Amino acid sequence: MFFSEIKKLDKQYVANTYARNDLDASSGTGAVCVDGSGKKYIDFTSGIGVNSLGFTNPAWVDAVKSQLDNLAHISNLFYTTPQMQLAKLLCEKTGMCRVFFGNSGAEANEGAIKTARKYGSDKYGPQRNEIITLVNSFHGRTIATLAATGQDVFHKNFGPFPEGFVYANANDIADLQAKVSDKTCAIMIECVQGEGGIIPLEKSFTNAIAAICAEKDILLVIDEVQTGVGRTGKFLSCEHYGLRPDIVTLAKGLGGGLPIGAVLFGEKTKDTLGLSDHGSTFGGNPVVCAGAIEVIKAMDGKFLDSVAETGAYLAESLKKLDHVKGVTGKGLMLGVEPADGLVAGSIVKTGIKHGIFLLTAKSKVRFLPPLTISKDEIDSGLAILQEVLNKEMQALEAAQKETAQ
Ligand SMILES: *Cc1c(COP(=O)(O)O)cnc(C)c1O
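The rules we used
- Residues numbered from 1 in each chain as written.
- Predicted model: local features only at pLDDT ≥ 70, side-chain atom pairs only at ≥ 80, totals over all residues.
- Heavy atoms only, no water.
- Core = buried A, V, L, I, M, F, W, Y, C linked by side-chain atoms within 4.5 Å.
- Buried < 20%, exposed > 50% of the residue type's maximum accessible area, 1.4 Å probe, protein only.
- Helix = DSSP H or I, 4+ residues; strand = E, 2+ residues; numbered from the N terminus.
- Contact = heavy atoms within 4.5 Å.
- Near = heavy atom within 4 Å.
- Polar contact = N/O pair within 3.5 Å; in protein donor to acceptor, adjacent residues only side chain to side chain.
- Areas by Shrake-Rupley, 256 points an atom, 1.4 Å probe, with all protein chains shown as cover.
- Nonpolar A, V, L, I, M, F, W, Y, C, P; charged D, E, K, R; others polar.
- Lys, Arg positive; Asp, Glu negative; His and termini not counted.
- Salt bridge = Lys/Arg side-chain N within 4 Å of Asp/Glu carboxyl O.

Asker: Describe in detail the nonpolar core, supporting the description with residues and values.
Answerer: Among the nonpolar cores identified, the biggest contains 82 residues, and Phe44, Leu90, Ile189, Leu318, Phe367 and Leu385 are the most heavily contacted of them. In terms of residues, this core owes the most to one element, helix α12 (residues 375–404), which gives 8 residues. Setting aside its immediate chain neighbours within four residues, leucine 90 contacts Val99, Phe101, Phe235, Leu250, Leu254, Ala262, Leu264 and Ile296. Judged by nonpolar contacts, the second largest core, of 22 residues, contains Phe100, Ala116, Phe161 and Cys185.

Right, here's the structure in full:
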């Protein structure tokens, strides 16, 4: 089928909720994607932080295929080895105690919200139900996680939204303290705000959060849906901050390409959810868990150090490009603020035409490459990006000249 036909039928039959890039992805290896016409692209997106080990990692593909040959699904009314093994590995990696599996980041955060409210209600009564989140956060697109998301643009069209979310300004300790009350059951944060523009929290702020949580028995919930599973050069981004969360949520990079979400419970919360308190038909599916096990197994100390090192190399290389104003982020989760006047969305579009995949995050160009990307691939990709930035700057200057005349 011609690409033009695919596009036409997609527009007709698939809900128009996405601004799609102008190509049909058909195969991939590592950090290289191939479209339907055979053109290659260097991938700095990993499917929005999902393909942690790149496209078609051999160990991952083998594990998924062999699980498929045995058993694709059975439901959570039965025990399966892959789900148990994955939960054990996750606890060993993180120091958390127990895991609930769902299918996405939003769903994991729903589980975290339910757990936080039940913890508050069990111990202090039903009025203890408020969760403080941060302005400019992103926690998902279900009704409750939209309410948890501290951005007004997400609080339109779909009301009424559930109550019980209070927003504090990031890195503003006084504002946070003012929002804490007897009703607060949890504080929920991303250590590096992702969709909000790749903005790491300040350590003095996270220290203050930890102190408030410890003093008042408020749960610390860390949304590691984007930052988790090695993305920032540590298994969890909260390790950079020395935080000991009560609940951690994971999703994007955990499955290595298949849909999964996980809620990790610490000592305080491991018994909060009991029989029938929560559930999921697909959660912890054995095929998905078999893939995720390979992702976790790959993430030894050496692998994480290499993510940190590759991330530092990418950040330094980006800073050297012309028309780059600044670089933010940690590990292989980076945001590039382009020179004044340049538009991130336009850079992404032009990038695709020239053979690189990029993302945006607010005004920034966002990099979430596979954690296995090589320095050679980074070099080739950034050579293309420099051309793209030059072209965008020329176009901007031409447009400015036109308006000046
Ligand atoms: C992507 C994201 C989510 C939502 O995940 P979905 O799998 O799309 O539901 C939640 N929190 C953060 C921090 C994210 O980056």
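Asker: Outline the site of the ligand, supporting the account with residue identities and numerical values.
Answerer: Inspection of the region around the ligand gives Ser104, Gly105, Ala106, Asn109, Phe138, His139, Gly140, Glu190, Asp223, Val225, Gln226 and Lys252 as its neighbouring residues. Contact distances for the ligand include 3.3 Å between a nitrogen atom and a backbone N or O atom of phenylalanine 138. Within the contact set of the ligand, a nitrogen atom lies 2.8 Å away from a side-chain nitrogen or oxygen of aspartate 223. Protein coverage of the free-state accessible area of the ligand, which is 390 Å², stands at 81%. Of the residues forming the shell around the ligand, the biggest block, 3 residues, is contributed by helix α5 (residues 105–124). When grouped by side-chain class, the residues that make up the shell around the ligand number 3 nonpolar, 6 polar and 3 charged.

Asker: Lay out the side chain of glutamate 224 in plain terms, naming residues and giving numbers.
Answerer: Assignment of secondary structure puts glutamate 224 in the loop between β10 (219–223) and β11 (247–250). The charged side chain of glutamate 224 is buried without a salt bridge, its nearest counter-charge being arginine 231 at 10.0 Å. Side-chain polar atoms of glutamate 224 contact the side chain of threonine 227, separated by 2.7 Å. Aside from chain neighbours lying at most four places away, what touches glutamate 224 is Leu236, Ser237, Cys238, Val248, Thr249 and Leu250.

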